[in-house]
Amino acid sequence: MEPLTNRSKKLVHKPMNLAERAYLPVIVHGMAITMGHFFRKKATIQYPEVKREFAPVYRGVHILKRDENGAERCTACGLCALSCPAEAITMTAAERKPGEELLYREEKYAAVYEINMLRCIFCGLCEEACPKEAIFLSDSIAIANYDRESLVYGKDRLVEPMDPKGHINTVEEAERQKWFKSR
Ligand code: SF4
Ligand code: SF4
C-alpha cells in the first residue's frame, strides 16, 4: 500500500556495535546537552537575597490609607467588599464618637476590616471601587505562612503604620499607579 505522505521512515534493523550496546553515544549526547545548559542564562534566582523586578502593573498586598492628619480614610461603606469577586473582604462598621475625629476621617469607620489573602486574587477591583481612596494595592508581595489564620489580614496589618511620635510611615504609591499616570 502507498504511504499517505512521504514522511515515513524505513527502519533498518542494523546490529548495534560495542559502543552502542554500552550506551556511549547517547550518554555523550546527553552530557553535551547538559553542558550546553551550563552556559545559558539561569531561569532561577537566589531568592530572597536576589529579588525579581516586577512588571509596572504588579499588584501586591493591600494598604488602608490615612489622610494627611493621620485619620483612617475608610468609611466602611462596603463597596470594596461588594466589588470583590473572591468575597475576600469583610468588615464591621462603627460610629465615630466625639473626640475620635483625629482617628477616623468620617462619622462611620471600619471597627473591623479583614482581607483573606488566601481568597484574594489581587485583581485590584476593591481599589477601583473605593470612593474614598482608602484602599490600594502596594508593591509588596504577600508573605507566605504555615497556617491559614495568619493569612487573614486585619487592620493591624492593613492600616498604614504610624510611629510613636504620631508620624505616618507613608506607604508610597505603587509603581503601577505612577506608571498609569505617566501614560
Ligand atoms: S484585590 Fe480583588 S480579590 Fe483581592 S480583595 Fe481586592 S477585589 Fe477582592
Ligand atoms: S476601603 Fe473604601 S470602599 Fe472599602 S469600605 Fe472603606 S471606604 Fe468603602
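In what follows, the accompanying structure is described. All values reported here derive from a predicted model rather than from experimental measurement.

## What to know about the overall build of the protein chain
The helix and strand inventory of the protein chain stands at six helices and five strands. Mapped in sequence order, the helices and strands of the protein chain form the string α-α-β-α-β-β-α-β-β-α-α. Taken against the 2.2 N^0.38 rule, which gives 16 Å for 183 residues, the C-alpha radius of gyration of the protein chain at 29 Å runs more than 25% over that of a compact globule. With respect to the three principal axes, the spread of C-alpha positions in the protein chain is 95 × 45 × 40 Å. Buried positions account for 27% of the 183 residues belonging to the protein chain. Across the protein chain, contacts joining residues at least 24 apart in sequence account for 71% of those joining residues at least 6 apart. Accessible area of the protein chain: about 14,200 Å², with a carbon and sulfur share of 57%.

## So, the environment of E128
Tracing the backbone shows E128 in helix α4 (residues 125-129). Among the residues examined, E128 registers a relative accessible area of 65% and is labelled exposed. Here the alpha-carbon distance between E128 and S83, two residues 45 residues apart in the chain, equals 8.9 Å.

## Section: unusual backbone geometry
Across the junction of Y47 and P48, the peptide omega takes the value 5°, indicating a cis bond. Counting through the fold element by element, P48 comes out in the loop between α2 (24-38) and β1 (62-64). In this structure, A76 is a non-glycine residue whose phi angle is positive, near 55°. Relative accessible area serves as the criterion here: at 6%, A76 is assigned to the buried category.

## Re the pairing of strand β3 (residues 108-116)
For strand β2 (residues 89-95) and β3, the ladder comprises seven bridges, and the chain directions are antiparallel. Bridge assignment links A93 to a residue of β3, and that residue is A110. Where β3 meets strand β5 (residues 152-153), two bridges bridge the pair, whose relative direction is antiparallel. By the bridge assignment for β5, N116 is matched with V152.

## A look at the packing of aromatic side chains
According to the stated counting rule, one finds two aromatic pairs in the structure shown. Centre to centre, the rings of F54 and Y58 are 4.1 Å apart; their planes meet at 10°, and the pair counts as stacked. You can call F54 partly exposed: its relative accessible area is 44%. What makes Y58 partly exposed here is its relative accessible area of 24%. Ring geometry for Y104 and Y109: centres 3.6 Å apart, planes at 5°, overall stacked. By the burial criterion, Y104 is buried, and Y109 matches it. Looking at R157, its charged tip hangs above the ring of Y153, at a distance of 3.9 Å from the centre.

Basis of the calculations
Every chain's residues receive numbers from 1 upward, in the order its sequence appears when written. Think of it this way: whatever chain is written first is A, whatever ligand is written first is 1, and the rest follow in order. Under the rules for a predicted model, residues below a pLDDT of 70 receive no local features and side-chain atom pairs below 80 are neither given nor counted, while totals for whole chains, interfaces and linings still include all residues. Side-chain descriptors were evaluated using all non-hydrogen atoms of the structure, hydrogens and water having been removed beforehand. Each helix is a run of DSSP H or I of at least 4 residues and each strand a run of E of at least 2, with the numbering of both proceeding from the N terminus. Atoms counted for the radius of gyration: C-alpha only. Globule rule: 2.2 Å times the number of residues to the power 0.38. Burial here depends on accessible area, computed with a 1.4 Å probe over protein chains only, as a share of the maximum for the residue type. Under 20% is buried, over 50% is exposed, and the range in between is partly exposed. Contacts were defined at the residue level, with two residues in contact if any of their heavy atoms lie within 4.5 Å. Where accessible areas are quoted, they stem from the Shrake-Rupley method and a 1.4 Å probe; at the residue level, only the protein chains shown are allowed to cover. Strands pair, by our definition, only if DSSP identifies at least two bridges between them. For Phe, Tyr and Trp, where Trp contributes only its six-membered ring, two rings pair if their centres lie within 6.5 Å, and the inter-plane angle classes them as stacked under 30 degrees, edge-to-face over 60, or tilted in between. Put simply, a charge is over a ring when the Lys NZ or the Arg CZ is close to the ring centre, within 6 Å, and near the line of the ring normal, within 35 degrees.

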